[in-house]
Amino acid sequence: MQQALEFLLSHIEIVVFLTVLAEQIGLPIPAVPVLLAAGAVAAEGEAHLAVLTGLSVAACLLGDMVWFELGLHRGRQTLSLLCRIALEPDACVRRTENLFVRHGIRALILAKFIPGLSTLAPALAGLFKVSIGRFLLFNGAGSLLWSFLFLLLGYILSEQISYLAEQVMQLGKTAGLLLAVILGGYVLYKYLHRQKLLRELRVARISSAELKQLMDDGHPLSVVDLRGIEDHVADPYTIPGALRISAEELEQRHDDIPRDRDVILFCACPMKRRPRGWR
Amino acid sequence: MLRRKGITRVRPLVGGIDAWRELAYPIEMDDSKVGIVVTAEIHT
């Protein structure tokens, strides 16, 4: 354990680059603890804050460019791929969309600080055909801010981080094993739960033609329009008789939805919306 | 989330309202404010 940690700390530049790249590509590897540790290493004079920041930004841009290009050229397929990788894709897509609707292209900066969204944001930027110059400008600014802030935090808290590392090393293999089991178990649980839900939803999905037929036959059902207030302003039309409950309101207003019939949910297609501020 | 709240017969509409519109099916002006239930009945 100690040797492994010492090896990682002595190659901190490479570790920072690879960890940040892995996280940006979408692997479930948290880069923030590594940035904090790297900041602490820099505080002890064994690395340069500027070099670490530069490497982290380069890794961000490299990983993000992959998703941006995929979003630009592969569109819908890219979102499907991200949905398979992400542990909470539904919430993730919705939150990213909301962020874009509210903040326009500046969302690329904010998304860096919200776990799960930093991978999705570049792909959506590509999907919405943002110009490469604007993407690099805003994504670069977000990457620089995110990298520098966490490295700086590690730099400032270097004493506390060193103390924590010593405690972990004293626990030795047990601590490493325990952490690996907890992390692995969590990822496996979320993945299996997700697959089960996807299977159920695939079976349950309904097409527009099927829905129209059920409505024409007088089949008892409730249609729920999940679009948010921004969509309502942009497009005040809905399917006849639909309940209007935005996805954010579901927690408070689920009692409005009848339990004794099929409930048809719909929202806006993310491929066709282009939030304000995107060019 | 809906399943946890006891709403189990949930069916997502493929393609959302865009797919509905593409088939030229009826739509209606929703002049309600978000947060207020319009109606639970379906009229076509």
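Residues numbered from 1 in each chain as written. Chains lettered and ligands numbered in written order. Predicted model: local features only at pLDDT ≥ 70, side-chain atom pairs only at ≥ 80, totals over all residues.

Participant: When you look at the overall build of chain B in this model, what are you seeing that I'm missing?
Facilitator: Each helix and strand counted, chain B has one helix and two strands in total. Moving toward the C terminus, one meets the helices and strands of chain B in the order β-α-β. Taking all 44 residues of chain B together, the buried fraction comes to 14%. (Helix = DSSP H or I, 4+ residues; strand = E, 2+ residues; numbered from the N terminus. Buried ≥ 20, exposed ≤ 12 C-beta atoms within 10 Å, placed from the backbone.)

Participant: Quick question: what am I supposed to make of the packing of helix α2 (residues 12–25) of chain A against helix α3 (residues 32–43) of chain A here?
Facilitator: Each pair of packed helices can be described by the angle between their axes along with the distance between the axes. Residues and elements named next belong to chain A. Running from amino to carboxyl end, α2 crosses α3 at an angle of 160 degrees, the nearest separation of the two axes being 10 Å. Taken as axis vectors, α2 and α3 run roughly antiparallel relative to one another. Between α2 and α3 the crossing geometry is left-handed. Between α2, through Ile 12, Val 15, Val 16 and Thr 19, and α3, the contact on the second element is made entirely by Val 34, Leu 35, Ala 38 and Val 41. In terms of residue class, the contact of α2 with α3 is built from seven nonpolar, one polar and no charged. (Axes fitted to C-alpha atoms, helices over the stretch in contact; angles between N-to-C directions. Parallel < 35°, antiparallel > 145°, perpendicular 65-115°, else oblique. Left-handed = near helix turned anticlockwise from the far one by under 90°. Contact = placed C-beta atoms within 7 Å. Nonpolar A, V, L, I, M, F, W, Y, C, P; charged D, E, K, R; others polar.)

Participant: Hey, could you run me through the sheet that holds strand β1 (residues 221–225) of chain A in this one?
Facilitator: Paired through their backbone hydrogen bonds, the strands of a sheet run either parallel or antiparallel. One open sheet accounts for four strands, arranged β3(A)-β1(A)-β4(A)-β1(B); its pairing is parallel. Across the chains shown, the open sheet's two edge strands, defined by having one partner strand only, are β3 (243–244) of chain A together with β1 (10–12) of chain B. Bridge count between β1 of chain A and strand β4 (residues 262–266) of chain A: five bridges; the pairing is parallel. Within β4 of chain A, the position partnered with Val 223 of chain A by the bridge is Ile 264 of chain A. (Pairing = 2+ DSSP bridges.)

Participant: Can you walk me through the nonpolar core in this structure?
Facilitator: Soluble globular proteins tend to pack their nonpolar side chains together in the buried interior. Residue and element names in this part refer to chain A. Judged by nonpolar contacts, the single largest core of 27 residues is most densely connected at Val 16, Leu 35, Ala 38 and Ala 42. Of all the secondary structure elements, the ones that give two or more residues to this core are α2, α3, α4 (49–74) and α9 (132–156). In terms of residue count, α3 provides more of this core than any other element does, nine residues in total. Contact partners of Ala 38, with chain neighbours within four places excluded, come to Ile 12, Val 16, Ala 47, Leu 52, Leu 151 and Gly 154. Formed by 19 residues, the second largest nonpolar core is a distinct cluster that contains Phe 100, Ala 111, Ala 121 and Phe 138. (Core = buried A, V, L, I, M, F, W, Y, C linked by C-beta atoms within 7 Å.)

Participant: What should I look at first to understand the packing of α3 of chain A against helix α10 (residues 158–171) of chain A in this one?
Facilitator: All names here are of chain A. For the pair α3 and α10, the least separation of the axes is 9 Å and the interaxial angle reads 110 degrees. In terms of orientation, α3 lies roughly perpendicular with respect to α10. In this structure, the crossing between α3 and α10 has a hand that is left-handed. Contacts from Leu 36, Ala 37, Gly 39, Ala 40 and Ala 43 in α3 reach Ser 158, Ile 161 and Ser 162 in α10.

Participant: Sorry if this is basic, but what is going on with the pairing of β4 of chain A here?
Facilitator: Successive side chains on a regular strand alternate, one facing one side of the sheet and the next facing the other. Bridge analysis of β4 of chain A against β1 of chain B gives three bridges, and the strand direction is parallel. Its bridge partner lying in β1 of chain B, Leu 265 of chain A is registered against Pro 12 of chain B.

Participant: In this structure, what is going on with the confidence of the model for chain A? I would like to understand it.
Facilitator: Low pLDDT means the predicted atomic positions in that stretch should not be read closely. Mean pLDDT over chain A stands at 80; residues scoring 70 or higher make up 81%. Below a pLDDT of 50 lies the segment residues 271–279 of chain A, which in the model reaches 19 contacts outside its immediate sequence neighbourhood of four places, other chains included. (pLDDT = per-residue confidence, 0-100.)

Participant: Teacher, can you tell me more about the environment of His 48 of chain A here?
Facilitator: Relative to the helices and strands, His 48 of chain A is located in the loop between α3 and α4. Taking the C-alpha atoms as reference points, His 48 of chain A and Glu 13 of chain A, separated by 35 residues in sequence, lie 9.1 Å from one another.

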